[in-house]
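This is what each chain is made of:
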Amino acid sequence: MDRDGEAIDIETVSRNQMEPVFAIDADGTIAFANDRFYAISGLDPETVIGADYDRFGRIVDDGLGSLRTAVESVLADDSTEERVELEMDHPADAPVPQHLPAEARVTTLGSGGEPIGALVSLRQIGKRKAYERQLERQNERLEEFASVVAHDLRNPLNVAEGHLEIASEECESAHLASVDDALDRMWDIIEDTLTLAKQGHHVGEKERVTLSEFVRQCWGTVSTSGATLEVGDEMTIRADVDRLRNLFENLFRNAVEHVGDEVTVHVGAIEDGFFLEDDGPGIPPADRERVFDLGYSTAADGTGYGLAIVKWIAEAHGWEVAVADSDGGARFEFTDVDVVRE
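Here is what the cut-offs are and how they apply
- Residues numbered from 1 in each chain as written.
- Predicted model: local features only at pLDDT ≥ 70, side-chain atom pairs only at ≥ 80, totals over all residues.
- Heavy atoms only, no water.
- Core = buried A, V, L, I, M, F, W, Y, C linked by side-chain atoms within 4.5 Å.
- Buried < 20%, exposed > 50% of the residue type's maximum accessible area, 1.4 Å probe, protein only.
- Helix = DSSP H or I, 4+ residues; strand = E, 2+ residues; numbered from the N terminus.
- Contact = heavy atoms within 4.5 Å.
- Expected span 1.5 Å × (residues − 1).
- 1 Å grid on protein atoms, 1.4 Å probe; cavity = no way out; pocket = protein on both sides within 12 Å on 5 of 7 lines; lining within 4 Å.
- Points joined across faces, edges and corners; volume = space filled by probe spheres on them.
- Pairing = 2+ DSSP bridges.
- Axes fitted to C-alpha atoms, helices over the stretch in contact; angles between N-to-C directions.

1. Side note on the nonpolar core
Here's step 1: Formed by 41 residues in total, the largest nonpolar core has its most connected members in I237, F248, F252, W319, F332 and F334.
Here's step 2: Among the secondary structure elements, those contributing two or more residues to this core are helix 7 (211–219), strand 11 (236–239), helix 8 (241–259), strand 12 (264–270), strand 13 (273–278), helix 9 (306–317), strand 14 (320–324) and strand 15 (331–335).
Here's step 3: Considering each element in turn, this core owes the most residues, 8 residues, to helix 8.
Here's step 4: Those residues in contact with F332 that lie beyond four places of it in its chain are L251, N254, F274, F275, L276, I283, F292, L307, A322 and V323.
Here's step 5: Of all hydrophobic cores here, the second largest spans 27 residues; its members include Y38, I59, V84 and L100.

Pasting the structure below:
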């Protein structure tokens, strides 16, 4: 490839690299690809050299648009390096897995200080990175699905509540109270579903949180009636404040729902995190794993989503959460927490 008569020997630079490499000329056509690229793509030089790089749509299952944007940015000299993630779809007989997450590194090829093209090298992404990408896509689909379902349910629920109000004015029946309770439960399920989809798996910027003060604030936002809060040792942690508030609110509601208005909830510090326990009847050992399952609840009016939300928020922070032994009540321990040690 050249510009104004100047040439760069791309083959010398890239021929023996183990990573697939290809070069794109200033006009957007493919000027070179190394042997490794041909080996894993199943393409041949006759169909590659001189072609538009959209040709790679044959082996890129997802992310070709991002690659195109990155290349155009480098060719326009808006950037000297771009990195994008791709989902590769190789031929069945390729010497690599057929479906493979990869990162494309796009860098400037220059001569005399002027960009004359772009060099693209591909490398496999590790299993952890691939899992994170898969989880991110799943979360996006879950959030979209939950939003659509919640939107579609709200209208008929509003209609039902309107007719219930009219029916309550026209007649008296014990059955109407049951209908009202059922509608309230459906609203709770919708809100919990949206919380799970939009908030459970994500954390934003982490801030310093003084736990004792923060816990008392959260307690004040939950309907706890005659329940009592006790806060023990002082500690400071780093967490997403909004997600942490949602975590404690769900724990408090869970205690009141399962024990009653007279419950006492105690929050305190442990070696690498914090705990929350109540003075209720506790959780049988056989049920301690199930309590975090979606839909599991022993409370008559519970949605079964509260502790699932707690677990998802904890995992999004990188924490471990477990039901621990206690003197009688339920005890939840959060470990691997980012504790600020002065």
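2. Comments concerning helix 4 (residues 64–75)
Here's step 1: Across its 12 residues, helix 4 extends 16 Å between first and last C-alpha, which sits within 8% of the 16 Å expected from 1.5 Å per residue.
Here's step 2: Residues of helix 4 that are buried include every one of L64, L67, A70, V71, S73 and V74, and no others.
Here's step 3: Just downstream of helix 4 lies D77, where phi reads positive at about 65°.

3. Concerning empty space enclosed by the protein
Here's step 1: Under the counting rule described, the total for this entry stands at 1 cavity of 30 Å³ or more.
Here's step 2: The computed volume of the largest cavity comes to approximately 30 Å³.
Here's step 3: Taken together, F22, F37, F56, I59, V60, L67, L86, M88 and L122 make up the lining of the largest cavity.

4. Examining the sheet that holds strand 12
Here's step 1: Here 5 strands make up an open sheet; going across it, the order is 10-12-13-15-14 and the pairing mixed. With one partner strand each, in any of the chains shown, strand 10 (228–231) and strand 14 form the two edges of the open sheet. Each strand axis lies, on average, 15° off the axis of its neighbour in the sheet, ignoring direction.
Here's step 2: Examined bridge by bridge, strand 14 and strand 15 share 5 bridges and lie antiparallel to one another. Residue pairing in the sheet places E320 in a bridge with T335 of strand 15.

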